[in-house]
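# Understanding the architecture of this molecule
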Amino acid sequence: MSNNEVKRHYAAKYDVTLIASTEVSGGLKGKCPAKAEFFWYAVSSARTFATGGSSTQELWRTSPGRLAAEWRIGPNHQECCCSYNMMKLTRHLHSWNGDPRYFDYYERNLFNHRLGTIHPETGHSVYFLSMAPGAWKGLCDEEKSFWCCTGTAFEEYSKLNDSIYYRDEKGISVNLFIASELDDSERVIGLRQDTRFPDEPRTTLTITKAPASSWTLRLRVPSWASAASVKVNGRALEVTPSAGSYLSVTRAWKKGDRVSLELPMSLVAEPFADEPGVQAFLYGPVVLAGDLGNQGLTDALVNNQQGPAVAKIPMSVPELRASGRKLEDWMKPDGSSPLTFRAATANGSVTLKALNQLWGRFAAYWTVS
Ligand SMILES: [Zn+2]
């Protein structure tokens, strides 16, 4: 790669921060919205792993759309700051035009990358979320490692309740399926969202406060939810929700009204565009990764480590054996817990779980034969 490309890629990466921070101060929207939207599109469509993250060793090292080549360069994929800044940019872009595809991307990044990069017991956070076969999550510690990604993690986790709902003059948009309560005291609108999503494929909204006049409740129907359905107070709506849109329901809502949204999930394979034989797997928006145990892992290899030194403890990750035409034919629910599947490999079988739950060694991309 030429030095010019390095500079260009550095400049493009820097733009994530620049665009987000400029917009915060109110400067970007009037000056270069097309640039911000193009940048978001270029990153999310041609430089993003199935998890929603981007980059290798803080750079883009290949041309757009050559993610498999990027994947093979080394284990330090997906700097957490990139995800942080892209989520920040996504929030701003969505606030300009309400395009639901922004939250398809945001949801992926939130559930697969960000929620999987803070240790649930220690609070220690990750620098690079590696997609290398046999990778693990390196962690900061409390004394020797305070990285950029440690700082953005602090900020990220203080914003986990951000953007679940947006409001405008007509009503409320429900963007994310997260148990929460909304209290819009200015317009006397309140609602409660009850859900265990993504462990369960549904959410229920209960109106807790409403003005006498009508207003619009907009429900995000994710692009992966092709069989979604909605009931209001137990009665099915006569409209078919369209995947990748907002379903609007306008009425004089009453306290106690209940809206239930069913979001059936299915398995999807996402191959690399430049190497279709290597694939990641999702169930709804959740990336499933192979649980490969803790073979060879020591505290020294995990703690105070920006990324996984996989070359120090090599692991031969087997190929997955596709034994049917459809994915459901050979990747089956495990039955032990939600979001857990089992698939045959070249020499046995492997359990796949939500990547954000795995803290040992894992594989998120597989060669499928
Ligand atoms: Zn960082």
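Owing to the predicted nature of the structure, the values given are computational and were not obtained by experimental measurement. (Residues numbered from 1 in each chain as written. Predicted model: local features only at pLDDT ≥ 70, side-chain atom pairs only at ≥ 80, totals over all residues.)

## Concerning the overall build of the protein
The number of helices and strands found in the protein is eight helices and 18 strands. Taken against the 2.2 N^0.38 rule, which gives 21 Å for 369 residues, the C-alpha radius of gyration of the protein at 21 Å falls within 12% of a compact globule. By its C-alpha atoms, the protein is 65 × 50 × 40 Å across when sized along the principal axes. Within the span of the protein, comprising 369 residues, buried residues form 40% of the whole. A separation threshold of at least 6 residues defines the contact pool for the protein, and within that pool the share at least 24 residues apart is 65%. (Helix = DSSP H or I, 4+ residues; strand = E, 2+ residues; numbered from the N terminus. Rg over C-alpha atoms; globule rule 2.2 N^0.38 Å. Buried ≥ 20, exposed ≤ 12 C-beta atoms within 10 Å, placed from the backbone. Contact = placed C-beta atoms within 7 Å.)

## Describing the sheet that holds strand 10 (residues 258–262)
Spatial strand order, 3-4-5-10-7-8: six strands in an open sheet with antiparallel pairing. The open sheet is flanked by strand 3 (180–184) and strand 8 (235–236), the only strands paired with a single partner. Direction of pairing for strand 5 (residues 202–209) relative to strand 10: antiparallel, over a ladder of five bridges. The residue bridging threonine 203 from the neighbouring strand is leucine 261, located in strand 10. (Pairing = 2+ DSSP bridges.)

## Quick look at the domain arrangement of the protein
Segmenting the protein into domains produces domain 1 (3–157), domain 2 (165–262) and domain 3 (267–367). Taken together, the contacts link eight residues of domain 1 with eleven residues of domain 2. Counting residues per element, the side of domain 1 that touches domain 2 draws most heavily on helix 5 (residues 101–113), at five residues. Partitioned by chemical class, the residues of the side of domain 1 that touches domain 2 number three nonpolar, two polar and three charged. (Domains from an automatic or database assignment. Nonpolar A, V, L, I, M, F, W, Y, C, P; charged D, E, K, R; others polar.)

## Overview of the sheet that holds strand 6 (residues 215–221)
One open sheet holds the four strands; their spatial order is 1-2-6-9, and the pairing between them is mixed. Every other strand in the sheet has two partners, leaving strand 1 (165–167) and strand 9 (245–251) as the edge strands with one partner each. Each strand axis lies, on average, 20° off the axis of its neighbour in the sheet, ignoring direction. (Axes fitted to C-alpha atoms, helices over the stretch in contact; angles between N-to-C directions.)

## Quick look at the pairing of strand 16 (residues 348–354)
The pairing of strand 13 (residues 286–291) with strand 16 spans three bridges and is antiparallel. Looking across to strand 16, one finds that glycine 290 is bridged to leucine 352. Examined bridge by bridge, strand 15 (residues 341–345) and strand 16 share five bridges and lie antiparallel to one another. Bridging across to strand 16, arginine 342 finds its partner in threonine 351. Here strand 15 hands over to strand 16 after two residues, the two strands then running antiparallel side by side.

## Here's the deal with the packing of helix 4 (residues 80–97) against helix 5
Taken N-terminus to C-terminus, the directions of helix 4 and helix 5 make an angle of 150°; their axes are 10 Å apart at the nearest point. Classified by the angle between their axes, helix 4 and helix 5 sit roughly antiparallel to one another. Crossing angle aside, the handedness with which helix 4 passes helix 5 is left-handed. Taking contact as the criterion, the partners of Ser83, Met86, Met87, Thr90, Leu93 and His94 in helix 4 are, on helix 5, Tyr102, Phe103, Tyr105, Tyr106, Asn109, Leu110 and His113. Looking at the contact of helix 4 with helix 5 residue by residue, the class counts come to eight nonpolar, five polar and no charged. (Parallel < 35°, antiparallel > 145°, perpendicular 65-115°, else oblique. Left-handed = near helix turned anticlockwise from the far one by under 90°.)

## Quick word on the nonpolar core
Of all hydrophobic cores here, the largest spans 81 residues; its most connected members are Val287, Leu288, Ala289 and Ala364. The leading source of residues in this core is helix 4, at eight residues. Once you skip the residues sitting within four places of it in the chain, alanine 289 turns out to touch Leu352, Lys353, Leu355, Leu358, Phe362, Ala363 and Ala364. (Core = buried A, V, L, I, M, F, W, Y, C linked by C-beta atoms within 7 Å.)

## Observations regarding helix 4
Since the α-helix advances by 3.6 residues per turn, residues separated by three or four positions end up pointing in the same direction. A rise of 1.5 Å per residue sets the reference length of helix 4, with its 18 residues, at 26 Å; its end C-alpha atoms lie 26 Å apart and thus fit the reference within 8%. Across the 18 residues that make up helix 4, a large majority, 13, are buried. At the C-terminal side of helix 4, glycine 98 shows a positive phi close to 65°. (Expected span 1.5 Å × (residues − 1).)

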